[in-house]
Amino acid sequence: MHEDDMRNVRLALTISPLNGETPASIGSRLAARNGVRPRDLCSDTGMRWPFLCSGHPDQLALLADVGGLELEHLVLWSAQQVRTGHYRVGHTRSSTGVFRRTSSRVCPKCIEEVLGEMGRYGAHQLLEWNVLCLSGCERHETALLDLPSAATTHETYDVVAQVDLHRDLVKQAADRQQEYEATEFETYVRGRIYRGPQADWLSGLELTHLHGACMTLGAAICGAPLQHFSSYGQNQERQFCVEGLRVLSPGPESLLRCMEELKARSRSRRPYYSTDLGAFYHWLRAARERPELQGLVACVHAFAVRSYTMKPNRRVLGRAVPGVQRMSFDTARKQTGLGVALLKRLIGHVEGFSEAETTALTETTPGQLDRALKFWSGLCNLTAAAAALQVRPVQVKTLIDCGLLRSIKFGTALRYVYLEDLDRLTAAVSELPKVDNSKGYLPISQYCRENGIGLVRIIQLWQNGELEELVRSGGGGGLRSIHVPCKAGSVRTQQDLLGDLTPAETARYLQIGISSVRALRNAGFLQQIVRQNPDTTTTTLSSHKTAYGHSKPVT
């Protein structure tokens, strides 16, 4: 028969295609309706069965002419190949990851129903049944049945013959009435197949990547260990997809919140993104080169860089890290030269963390570290403070106790003085009138010795405005450069006896030497107690009773 004549052939016995039915299924049913095999029907009408099953446009046009069918329907449900391993599935796309064009999956109840109504030529196959992430028939709420594979691919496409061959399997599956209820994810996928991608953040993903993203993220959310991921059954995987879709569909903000929750849920002493994100991260790392996944990649990359410690020259999902945004305390220790415990307490103090939060810190940020170091640079130890003021460390402690200097501790006995207070005190000294002729003045140390007044007490009186006319001489530095007028000898203050006295304070109070204090102690006139120095954790001696029998509380 001439080709032009074949195009005018119309079959007397035709069928009405079902919504979503594949051209191969239609060809198989037409052949059964006319009592021939699909290959014979195609040969008689000028078509080629293998090419028709593959969705070649010219073959679909011939099938439309022969069966009096709508070409648009045949083109839409033909699963035409876009590129190797990728197909157009209805109004969406998929790869062979979740789509099998040659799969023989049917709904047993659908088949039993149409066989009873039409006979053997009613057996059919819908394109959605070849999408592996759809587990059942939405209309009958029953699980799909995978028929055994035929000897050749093109025999598999002949759905009528396959149903005839496995009629008992189909009937048994229909009688079992295996219940199936479509999940939110499967309803979402069907919406894509029949109406196209939804207008959301996932619109650019094909079905394989949509399924992979939702299932692996859902597995991470449900706490499925990565090493056991392949052992989960179909029901668990369906639930994973529902959980993943719930997070991914709203957009990147929802995904970021979910990743924050996964990080907070981590039980590791030092959390890491590849562990916290589990199967989702490993799936994304394997598929990161796909153009349609770049939105997901950018979101996860930004989260990992912002939320986890990074080593220099690190790459996340194939992308360079623009700058370290989080670092381990080991890295911070190497950069600053400070111990980890001190760094934690500095950061905890500056950031206002509680003791528990400070102890639980496992990483820090450059911003936190900079603020902590800035605060640390404003402190000095007692020895450095004593050198700056030209006094002894014990006198620095007394200045702290009197409130003239502020100090802070970081979990140890050591106290650190604020440089701001030192600068204020030394600036006040530098503002005193300078005299070249010290006649009529005594250096503060000499004045204190001759008048039995502590140096710190003179400074306290001066700062409180109770002692004026102090001057400074250019011959010294710090507090020792202060000169006190000789006429200030009348200034005498009662020593505070509200606490125990050290041997030096007792000697000053009694206006005797320390050796005499020890002699009084040995004679039983003074009681000695042992106290632990809060700054050095060493023991010191305190006198509990004066030589005149005055009882004093312990300090």
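Look up: the structure comes first, before these words.
First, a word on what this report is: a plain description of the structure on this page. All figures in this text were calculated on a predicted structure; none of them were measured in a lab.

Our next topic: the overall build of the chain. Scanning the chain from terminus to terminus reveals 28 helices and 19 strands. Here the analysis covers contacts within the chain between residues at least 6 apart in sequence; of these, 60% occur between residues at least 24 apart.

Residues I482 and V484 line one face of strand β17 (residues 482-485) and the alternating positions H483 and P485 line the opposite face, and both faces are buried. Looking at chain direction, strand β15 (residues 441-443) and β17 are connected through 3 bridges and run antiparallel. Across the sheet, Y441 pairs through a bridge with P485, a residue of β17. Taken together, the 2 bridges between strand β16 (residues 471-472) and β17 define a ladder with antiparallel strand orientation. The residue bridging V471 from the neighbouring strand is H483, located in β17.

Another aspect to go through is helix α11 (residues 184-195). Over its 12 residues, α11 extends 16 Å from the first C-alpha to the last, a length consistent with the 16 Å expected when each residue adds 1.5 Å. Those residues of α11 not exposed but buried are F185, E186, Y188, V189, R190, G191, R192 and I193. Residues of α11 that are buried in the fold lie against β2 (86-89), β3 (92-95), β5 (136-137), α12 (207-221) and α13 (234-248). Looking one or two places after α11, you find G196, whose phi comes out positive at around 100°.

Our focus in this paragraph is empty space enclosed by the protein. Across all of its chains, the model carries 1 cavity of 30 Å³ or more by this definition. Here the largest cavity defines a volume of roughly 130 Å³. As for the largest cavity, its lining consists of 17 residues, of which T22, A24, R101, N130 and Y157 are closest to the centre. At the level of secondary structure, the elements contributing two or more residues to the lining of the largest cavity comprise α2 (23-33) and α4 (49-53). The residue makeup of the lining of the largest cavity, split by class, is 8 nonpolar, 8 polar and 1 charged.

Further remarks concern the sheet that holds β16. The strand order β15-β17-β16 describes an open sheet built from 3 strands, whose pairing is antiparallel. Bordering the open sheet on either side are β15 and β16, each of which pairs with just one other strand. Sitting on the sheet, helix α25 (residues 444-451) touches β15 and β17, and the angle it makes with β15 is about 95°.

By the secondary structure assignment, T183 is in the loop between α10 (167-176) and α11. Given a relative accessible area of 15%, T183 falls into the buried group. Considering only alpha carbons, one finds T183 and L134, 49 residues apart in sequence, at a separation of 9.4 Å. Residues within four places of T183 in sequence aside, it is in contact with R238 and V242.

Let us now look at the packing of α13 against helix α14 (residues 252-264). One can describe the packing of α13 onto α14 by two numbers: an axis separation of 7 Å at closest approach and a directional angle of 120°. Here α13 is positioned oblique relative to α14, judged by the angle of their axes. Contacts between α13 and α14 involve R246, V247 and L248 from the former and S254, L255 and C258 from the latter. Grouping the amino acids of the contact of α13 with α14 by side-chain chemistry returns 4 nonpolar, 1 polar and 1 charged.

It is worth spelling out the environment of E128 at this point. By the secondary structure assignment, E128 is in the loop between α7 (108-118) and β5. For the pair formed by E128 and T22, sequence separation is 106 residues and the distance between their alpha carbons is 9.3 Å. Non-local contacts of E128, meaning those with residues more than four positions away in its chain, are made with L134, R190, I193 and Y194.

Attention now goes to the pairing of β2. Relative to β2, strand β1 (residues 81-83) runs antiparallel, the two being bridged by 2 bridges. Residue pairing in the sheet places R83 in a bridge with H86 of β2. Hairpin geometry of β1 and β2 is characterised by an intervening segment of 2 residues between the two adjacent antiparallel strands and by a positive phi of about 80° at G85. Of the pairings in the sheet, the one linking β2 to β3 comprises 4 bridges and is antiparallel in character. When the sheet's bridge partners are listed, V89 is paired in β3 with T92. Between the antiparallel neighbours β2 and β3 lie 2 residues, among them G90 with a positive phi of about 65°.

Scanning all chains against the criterion turns up 21 salt bridges. In this structure, R105 engages D146 in a salt bridge whose closest nitrogen and oxygen atoms are separated by 3.4 Å. Of this pair, R105 sits in strand β4 (residues 105-106) while D146 is found in strand β7 (residues 145-146), placing the two residues 41 residues apart along the sequence. Here K334 makes a salt bridge to D330, at a shortest N to O gap of 3.4 Å. Pair noted here: K334 and D330 are both in helix α18 (residues 329-336), with a separation of 4 residues, about one helical turn. By relative accessible area, which is 38% here, D330 ends up partly exposed. Look at the salt bridges and you will find they share partners, linking D330, R333 and K334 into a network.

Scoring rules and cut-offs
Residues numbered from 1 in each chain as written. Predicted model: local features only at pLDDT ≥ 70, side-chain atom pairs only at ≥ 80, totals over all residues. Heavy atoms only, no water. Helix = DSSP H or I, 4+ residues; strand = E, 2+ residues; numbered from the N terminus. Contact = heavy atoms within 4.5 Å. Buried < 20%, exposed > 50% of the residue type's maximum accessible area, 1.4 Å probe, protein only. Pairing = 2+ DSSP bridges. Expected span 1.5 Å × (residues − 1). 1 Å grid on protein atoms, 1.4 Å probe; cavity = no way out; pocket = protein on both sides within 12 Å on 5 of 7 lines; lining within 4 Å. Points joined across faces, edges and corners; volume = space filled by probe spheres on them. Nonpolar A, V, L, I, M, F, W, Y, C, P; charged D, E, K, R; others polar. Axes fitted to C-alpha atoms, helices over the stretch in contact; angles between N-to-C directions. Parallel < 35°, antiparallel > 145°, perpendicular 65-115°, else oblique. Salt bridge = Lys/Arg side-chain N within 4 Å of Asp/Glu carboxyl O.

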